[in-house]
Amino acid sequence: KQEVTQIPAALSVPEGENLVLNCSFTDSAIYNLQWFRQDPGKGLTSLLLIQSSQREQTSGRLNASLDKSSGRSTLYIAASQPGDSATYLCAVGAYNTDKLIFGTGTRLQVFP
Amino acid sequence: ETGVTQTPRHLVMGMTNKKSLKCEQHLGHNAMYWYKQSAKKPLELMFVYNFKEQTENNSVPSRFSPECPNSSHLFLHLHTLQPEDSALYLCASTQQQGGVNTEAFFGQGTRLTVV
């Protein structure tokens, strides 16, 4: 059974720091991995999608990497800003199932 | 306009009420999903529809009844709910091709409170 874990569960940093959020999964038979952002009480916003054949994807200050063999993905946030404060979720798309399997998220707070 | 729209955004209902949640996607996707998000728990998949056919029911109690009249619209009918059903209900859509899903897009959710 696929399990997805995110570490740390919560993170509080001053503005300007470079951050790394971690996501690990137990079964490497995935076809993609997606990172989302969720603001309190709101829906999920897709940040980056990495196909299983890719090693990384970049969007602005965000960079996501994928090491399928070791069951890990990292989300790198450069020069963090207070507006980056949110919960970040990773989810894997696994073969032979219709569903995304989510981690429990990392709650990030960036203070001025 | 977001790709996936959910209404209402907030709903308070008594345990004997009947209400419905609505989701509409404007992305041309063929698969739609209902997820439940409770405090401090991972997102829980409830139902999946692919080309209007239900392909997954994740052991959801019968007081939750989904309906997918076409590939753009998805409903969740609610009746005789319990207070523990209070949660954020999220709708999502993807394009399913060859057994895999493309990027998933979510609505803003409906915050449901059962009193």
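Throughout what follows, the structure given in this document is the object of discussion. Computed from a predicted model, the values in this text were never measured in an experiment.

Thresholds applied
Residues numbered from 1 in each chain as written. Chains lettered and ligands numbered in written order. Predicted model: local features only at pLDDT ≥ 70, side-chain atom pairs only at ≥ 80, totals over all residues. Heavy atoms only, no water. Helix = DSSP H or I, 4+ residues; strand = E, 2+ residues; numbered from the N terminus. Buried < 20%, exposed > 50% of the residue type's maximum accessible area, 1.4 Å probe, protein only. Contact = heavy atoms within 4.5 Å. Areas by Shrake-Rupley, 256 points an atom, 1.4 Å probe, with all protein chains shown as cover. Lys, Arg positive; Asp, Glu negative; His and termini not counted. Charge placed at Lys NZ, Arg CZ, Asp CG, Glu CD. Buried area = accessible area lost by both parts, 1.4 Å probe. Salt bridge = Lys/Arg side-chain N within 4 Å of Asp/Glu carboxyl O. Polar contact = N/O pair within 3.5 Å; in protein donor to acceptor, adjacent residues only side chain to side chain. Nonpolar A, V, L, I, M, F, W, Y, C, P; charged D, E, K, R; others polar. Pairing = 2+ DSSP bridges.

### Quick notes on the overall build of chain A
- From N to C terminus, chain A includes zero helices and eleven strands.
- Tracing chain A from N to C terminus, the helices and strands come up as β-β-β-β-β-β-β-β-β-β-β.
- Its C-alpha atoms give chain A principal-axis dimensions of roughly 45 × 30 × 20 Å.
- When the 112 residues of chain A are sorted by exposure, 46% land in the buried category.
- Within chain A, contacts between residues separated by at least 24 positions form 54% of all contacts whose residues are at least 6 apart in sequence.
- When the accessible surface of chain A is totalled, it reaches about 5200 Å², and 47% of it is carbon and sulfur.
- In chain A, which carries 9 positive and 9 negative side-chain charges, the distance between the mean positions of the two groups comes to 4 Å.

### Considerations on the interface of chain A and chain B
- At the junction of the two partners, chain A supplies 20 residues and chain B supplies 23 residues.
- Taken together, both faces of the contact between chain A and chain B bury some 1700 Å²; the carbon and sulfur share is 51%.
- Applying the counting criterion to the chain A and chain B interface returns zero salt bridges.
- Counting every contact that joins chain A to chain B gives seven residue pairs in polar contact (both at pLDDT 80 or more).
- Looking at the side of chain A that touches chain B, the elements that each hand over two or more residues are strand 4 (30-38), strand 5 (44-51) and strand 10 (100-102) of chain A.
- Broken down by element, the side of chain A that touches chain B gets its largest block of residues, five residues, from strand 4 of chain A.
- Class assignment for the residues of the side of chain A that touches chain B results in eight nonpolar, nine polar and three charged.

### Description of the environment of L78 of chain B
Residue and element names in this part refer to chain B.
- By the secondary structure assignment, L78 is in strand 8 (residues 73-79).
- Assessed through its relative accessible area of 1%, L78 is described here as buried.
- In this structure the C-alpha to C-alpha distance between L78 and N58, which are 20 residues apart in sequence, comes to 16 Å.
- In this structure L78 touches L11, M13, N17, K18, K19, L21, R63, F64 and L112, once residues within four positions along its chain are discounted.

### Focus: the pairing of strand 5 (residues 44-50) of chain B
Residues and elements named next belong to chain B.
- The element strand 5 is largely enclosed, with a buried count of six among its seven residues.
- When strand 4 (residues 31-37) meets strand 5, the two strands line up antiparallel, connected through six bridges. Bridge assignment links W34 to a residue of strand 5, and that residue is F47.
- Pairing between strand 5 and strand 6 (residues 53-57): four bridges, direction antiparallel.

Purely geometric stuff here, so don't read any function into it on its own.
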